[in-house]
Structure formats: C-alpha cells, structure tokens
Amino acid sequence: DAKTTQPNSMESNEEEPVHLPCNHSTISGTDYIHWYRQLPSQGPEYVIHGLTSNVNNRMASLAIAEDRKSSTLILHRATLRDAAVYYCILRVRGNYGQNFVFGPGTRLSVLP
Amino acid sequence: GAGVSQSPSNKVTEKGKDVELRCDPISGHTALYWYRQSLGQGLEFLIYFQGNSAPDKSGLPSDRFSAERTGGSVSTLTIQRTQQEDSAVYLCASSPGTRNTGELFFGEGSRLTVL
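Residues numbered from 1 in each chain as written. Chains lettered and ligands numbered in written order. Predicted model: local features only at pLDDT ≥ 70, side-chain atom pairs only at ≥ 80, totals over all residues. Heavy atoms only, no water.

Break down the overall build of chain A for me, with residues and values.
Looking only at helices and strands, chain A features zero helices and ten strands. For chain A, the α and β elements follow one another from N to C terminus as β-β-β-β-β-β-β-β-β-β. Taken together, the 10 basic and 10 acidic charged side chains of chain A have centroids lying 8 Å from each other. (Helix = DSSP H or I, 4+ residues; strand = E, 2+ residues; numbered from the N terminus. Lys, Arg positive; Asp, Glu negative; His and termini not counted. Charge placed at Lys NZ, Arg CZ, Asp CG, Glu CD.)

So, in structure tokens, the structure goes:
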C-alpha cells in the first residue's frame, strides 16, 4: 500500500499561517494526493486534493513537490476552528478499485 | 437527505450479541466505504463497494464482520458475536464513482460500545 508520513502533532497561533507537511515517497504516477481533516467527534471532511500542480480553494492551498514525493497543506490564517486532525492520503488505484488509505494524521492545535 | 446518514448514532451491546450498522450514502454515489476508528486512533479501512459488489474486503478484521449493499444504495455492516475489541466508531463514506477524482463524503459515524 502507498503510505504517507506526517508529524504526529503541530501547534500554531491563531491568525498565523500553518504549513502541514506530508511525505509520500512511494507515490505512483496516477495517485492523487488528498487532504482531509477531522474535527472532534465528527467524521472527516474533505479539504483539498491535487495531482501535480499546486491547488487553491477556499479552505486551503496544496503545494506539491516537483518529484511528488512530498506535499504541504497550507492554512493561510489559522482559526480556533481549524484545530483538528489532518490526514494526508493517497488515492490508490488498484485492481480492486480505489480505497483511500488513512494514516494517523497530524493533530493541529491552534492557540489563541 | 443531503449528506451521508448513519444509524444508529450510538449502540451499546453485550459481548456475544450481533449488531447491524446502517449507512445511507448520498443519492447517486456509486462508491461506498466503511472505516473503523478506535478511540484516539486513525481510520482503519474495512471494505469498499462499487455499486453492489465489494471488490475490496481486505480490511475486514475477521469472519465475524460482513457487509452488504443493496440497490446500489444502502449498506449494512454486520458484526456477529461482538467482542470488546470491536468497540469503536464505524464511519461510512460515499463518493460519486470510480472515474472521479473528487472527495469522500463521510457520515457522522456509529459509535459501538461492547460491554
């Protein structure tokens, strides 16, 4: 299985940018990089995804390394509501379809 | 409803009993996933459906676990002879289909406690 590696936890101050790193050195050429987050007592929610180019949406930006072996989720201005576990996932293609393999994620704490 | 619906939201059962957890995906979504999340842990993949068939059951932890999907819509996860280690939040997610590159939509989960 294609795996990702993330720091266990990170801290940020409110209203400051946050850069959440993810390593995926075994990524295949057709694998998409997805980011989800899970707020306390809720199911995960989609944040952003990309393949090769950097991506921006209303929630965040995704910066993908040129060799695609790592990526960084950027929250431009952290709020208290952004405190969550952030999962970096590879959308793995295989003969059996497309299961998303979740690692342990990064627990982000936002300090007021 | 607009989102993925799971029921029951909470279930407390005695060791050895059978339980059924239900997932109602977003209308039109052909792909459906079940995950399990133990307290303080990440998500553990259980099974994936494309339509009514399950091309990947590799995550089911034992033969006490089974799942089915009917009409390409509702899915039921059944745990027979529950054990205390089955206690977890069971999450269901749906996605439009194999050709999309988009996201999974998760339900709120069913919290199972086995006494």
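Which residues make up the pairing of strand E9 (residues 88-95) of chain B, and what values do they have?
All names here are of chain B. Across the eight residues of E9, eight count as buried, placing the element largely inside the fold. Burial of the side chains of E9 extends over both faces: Ala88, Tyr90, Cys92 and Ser94 are buried on one face and Val89, Leu91, Ala93 and Ser95 on the other. The pairing of strand E4 (residues 31-37) with E9 spans seven bridges and is antiparallel. When the bridges of E9 are listed, tyrosine 33 appears paired with alanine 93. Relative to strand E11 (residues 110-114), E9 is paired through three bridges, and the arrangement is antiparallel. Across the sheet, the residue bridging to alanine 88 is leucine 112, located in E11. In this sheet, strand E10 (residues 105-106) lies alongside E9 in antiparallel orientation, the contact comprising two bridges. (Buried < 20%, exposed > 50% of the residue type's maximum accessible area, 1.4 Å probe, protein only. Pairing = 2+ DSSP bridges.)

All quantities given are derived from atomic positions and should not be read as evidence of function.
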